[in-house]
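Read off the chains here:
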Amino acid sequence: MLHLLCGQDPVELGIKTYEGWNITAFLDHLDSCEKCAKSKETLIGELNSIIGGGPQS
C-alpha cells in the first residue's frame, strides 16, 4: 500500500478506488500537498512499483 507522507488515506482522497489507482487524483494531491510534494519523485516511484511499472530507460 502507498503511504502518503501527510498521513492521509489514499482511499479517502479518491486516489485508490475499487477500480484501481486514480493517477490524476494522485498527481493532483502531490501538487497540492506540501508534505507529499517534497518527496514527489519517491512517491511516484512507489506507485509505479505498485502498478507494475518498471524503471524508465
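Before reading on, note that the structure itself is shown above.
Here goes a summary of the coordinates provided. (Residues numbered from 1 in each chain as written. Predicted model: local features only at pLDDT ≥ 70, side-chain atom pairs only at ≥ 80, totals over all residues. Heavy atoms only, no water.)

**Overview of a nonpolar patch on the surface**
Using the following cut-off: The residues that make up patches have over 30% relative accessible area and no salt bridge, and they are joined within 9 Å when like-charged or within 5 Å when they are Val, Leu, Ile, Met, Phe, Trp or Tyr. Accessibility throughout is a Shrake-Rupley quantity obtained with a 1.4 Å probe, and a residue counts as covered only by protein chains that appear here. In what follows, salt bridge is the name for a side-chain nitrogen of Lys or Arg lying within 4 Å of a carboxyl oxygen of Asp or Glu. Runs of H or I in DSSP of at least four residues are treated as helices and runs of E of at least two as strands, each being numbered from the N terminus. Remark: exposure states derive from per-residue accessible area (1.4 Å probe, protein chains only) relative to the maximum for the residue type, with buried under 20%, exposed over 50%, and partly exposed in between.
A cluster of nonpolar side chains, contributed by Ile-23, Leu-27, Ile-50 and Ile-51, occupies part of the molecular surface with about 310 Å² of accessible area. One can find Leu-27 in helix α1 (residues 23-32). For Leu-27, a relative accessible area of 34% corresponds to the partly exposed category.

**Some remarks on the nonpolar core**
Counted only if it meets this: Residues belong to one nonpolar core when they are buried, are Ala, Val, Leu, Ile, Met, Phe, Trp, Tyr or Cys, and are joined through side-chain atoms within 4.5 Å.
Counting residues in each nonpolar core, the largest one holds twelve residues, listed as Leu-2, Leu-4, Cys-6, Ile-15, Trp-21, Ala-25, Phe-26, Leu-30, Cys-33, Cys-36, Leu-43 and Leu-47. Elements with a minimum of two residues in this core: α1 and α3 (40-51). The leading source of residues in this core is α1, at three residues.

Interpretation note: all reported values are geometric properties and have no functional meaning in isolation.
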